[in-house]
Amino acid sequence: MLRQALLAVSRSARAERVISTSPLTRDVVRRYVADDIARTVAELTRRGLLVTVDHLGEDVHDRAQAEGAVRAYLELLRVLPEGADVSVKLTALGLRLSEQLALDNAATICESAALRGITLTLDAEEHDTIPGLHSIHTTLRKEHPGVGVVVQAYLRDSAERCVKLDGARVRLCKGAYTAPGAYTSAADIDRSYARCLRVLMGGTGYPMVATHDPRLIGIAATLAVLEGRDHHGFEYQMLYGVRPDEQERLAAQGARMRVYVPYGADWYAYLMRRLAERPANLAFFARSLLSR
Ligand code: FAD
């Protein structure tokens, strides 16, 4: 219930005006969103962590906004080290205006990234964008085999999707939105996640295990051993600001640990999804408001 309500708030322009203009929100934003991206990436890299950077923004209303997002990514690529990854939301590149526009824009970023030894991963968004996501990923992969895509385990066809994506870089996550017919109970989503992990670890692609859930991290580690994958054969991914100690612990063990770092002014919907994931975050949010 609370999750549904917060996800509804994440789509409300009115709530966005109230919440995002409040100076009181700053501490919460700072926990999850980098304010100086070059400095944040340098600091994480120094601590042995890899990064994937998301220029915040989604659902643009016209071509000019989509072009603005492309320009922001091209500028971002200049400050990222080789081996970094950028996470891209296709609705920020115009997917809801035209699939061709989003494809062309993603190809522009992919080409520039490839010249710098940086990869690109396509985030998974609302359920109506999933067919466009996979169609664009399939086309991009012909020119750029390293382009990655996200699979959301709450979708009932996620394990079949992982089979179809054999050979690709695939980030597996639980899913941060809602979708008709999707799994909703934590147990069903976890079981689906584990099924997907089995397919990805047993396949020929590169699994990116995006979760903070200790049980699923343990299952991923076990499957990697059973399938003969060493530390270079897969990676863990976690969000900036979530379980930083665990991020460092896995990196210290020699695992490839990549932190998803969002930055930019358009943080509202991202932050609301993070609050929806964990009721305790709401208490943190409320405390930081009250302590002012
Ligand atoms: P949960 O069961 O939600 O959490 C497990 C534990 O992790 C919690 O008990 C808590 O200790 C900790 N935790 C989890 N979330 C938080 C939080 N917000 N704040 C503080 N602690 C927390 N979703 C998409 O739909 N599309 C995407 O493209 C996408 N990309 C992602 C990329 C990365 C690198 C990651 C890590 C997640 C991504 N997600 C994406 C979000 C994902 O779908 C989940 O909503 C999110 O990761 C929470 O699920 P969990 O697997 O961590 O498990």
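This text follows the structure it describes.
Student: It is not clear to me how the sheet that holds strand β2 (residues 85-88) should be interpreted in this structure. Could you clarify?
Tutor: Sheet strands pair via backbone hydrogen bonds, and the direction of the pair is either parallel or antiparallel. If you trace the eight strands once around the closed barrel, you get β1-β2-β3-β4-β5-β6-β7-β8, paired in parallel fashion. Pairwise comparison of adjacent strand axes, ignoring direction, gives a mean angle of 30 degrees for this sheet. The sheet contact formed by strand β7 (residues 235-239) and strand β8 (residues 257-263) spans four bridges and is parallel. Residue pairing across strands places Q237 opposite R258, the latter belonging to β8.

Student: Could you clarify how one ought to interpret the nonpolar core in this entry?
Tutor: Within soluble globular proteins, side chains that are nonpolar generally end up buried alongside one another. Ranked by size, the top nonpolar core spans 84 residues in total, and within it V53, L93, A106 and L172 carry the most contacts. Top element by residues in this core is helix α9 (residues 186-202). It accounts for seven residues. If near-sequence neighbours (up to four positions away) are discounted, L172 is found in contact with V151, A153, Y193, C196, L197, L200, P207, M208, V209 and A210.

Student: Help me understand the packing of α9 against helix α10 (residues 214-226), please; the structure alone is not making it clear to me.
Tutor: Each packed pair of helices is defined by two parameters, the angle between the axes and the distance between the axes. In the contact formed by α9 and α10, the axes pass within 10 Å of each other and the chain directions differ by 20 degrees. Taken together, α9 and α10 sit at an angle that is classed as roughly parallel. The interaxial crossing formed by α9 with α10 has right-handed handedness. On α10, the residues that touch D190, Y193, A194, L197, R198 and M201 of α9 are L216, I219, A220, L223 and A224.

Student: Quick question: what am I supposed to make of the site of the ligand here?
Tutor: Neighbouring residues of the ligand: 23 residues in total, closest D123, C173, T211, H212 and Q237. Elements with a contribution of two residues or more to the shell around the ligand: β4 (148-152), β7 and α12 (268-277). Here the shell around the ligand takes three residues from β7, the largest share from any one element. Classifying every residue of the shell around the ligand by side-chain character gives ten nonpolar, six polar and seven charged.

Student: Please explain the pairing of β7 as it appears in this structure.
Tutor: It is a general feature of regular strands that their side chains alternate between the two faces of the sheet. Across the five residues that make up β7, a large majority, five, are buried. Residues E235, Q237 and L239 point to one face of β7 and Y236 and M238 to the other, with burial holding for every one of them. Sheet topology note: the strand β6 (residues 206-210)/β7 ladder contains three bridges and is parallel. Looking across to β7, one finds that A210 is bridged to Q237. Once the chain exits β6 it traverses α10 before rejoining the sheet at β7, and the crossover so formed is right-handed. Crossover handedness for the path β7 to helix α11 (residues 244-252) to β8: right-handed.

Student: Can you help me understand the pairing of strand β3 (residues 119-122) in this one?
Tutor: In this sheet, β3 lies alongside β2 in parallel orientation, the contact comprising four bridges. Within the sheet, the bridge partner assigned to V86 lies in β3 and is L120. For the handedness criterion, the β-α-β arrangement of β2, helix α6 (residues 99-115) and β3 is classed as right-handed. One ladder, built from two bridges, connects β3 with β4; its direction is parallel. Of the residues in β4, the one forming a bridge with T121 is G148. With helix α7 (residues 130-143) bridging β3 and the parallel β4, this β-α-β connection has right-handed handedness.

About the criteria used
- The residue count restarts for each chain, going from 1 along the sequence in the order it is written.
- Thresholds applied to this predicted model are a pLDDT of at least 70 for local features of residues and 80 or more for the giving and counting of side-chain atom pairs; totals over whole chains, interfaces and linings are not thresholded and use all residues.
- Being paired, for any two strands, means DSSP has found at least two bridges between them.
- Per the convention used, a helix needs a DSSP run of H or I reaching at least four residues, while a strand needs a run of E reaching at least two, with both numbered from the N terminus.
- Axis definition: a line fitted to C-alpha atoms, limited for helices to the stretch in contact. Angles are taken between N-to-C directions and run from 0 to 180 degrees.
- As used throughout, a nonpolar core is a set of buried Ala, Val, Leu, Ile, Met, Phe, Trp, Tyr and Cys residues joined through C-beta atoms within 7 Å of each other.
- Neighbour density around each residue's C-beta defines its exposure: 20 or more other C-beta atoms within 10 Å make it buried, 12 or fewer make it exposed, and counts between make it partly exposed, where C-beta atoms are placed from the backbone.
- Placing C-beta atoms from the backbone, we regard two residues as in contact once those atoms come within 7 Å.
- An angle below 35 degrees is treated as roughly parallel, one above 145 as roughly antiparallel, one from 65 to 115 as roughly perpendicular, and anything else as oblique.
- Note: crossing handedness is left-handed where the near helix turns anticlockwise from the far helix by less than a right angle, and right-handed where it turns clockwise.
- Each residue receives a C-beta atom placed from its backbone. It is near a molecule or strand if this atom lies within 6 Å of it.
- Under the scheme applied here, ten amino acids are nonpolar (Ala, Val, Leu, Ile, Met, Phe, Trp, Tyr, Cys and Pro), four are charged (Asp, Glu, Lys and Arg), and all others, including Gly, are polar.
- When the strands point away from the viewer and the connection leading from the first strand across the helix to the second strand turns clockwise, the crossover is called right-handed.

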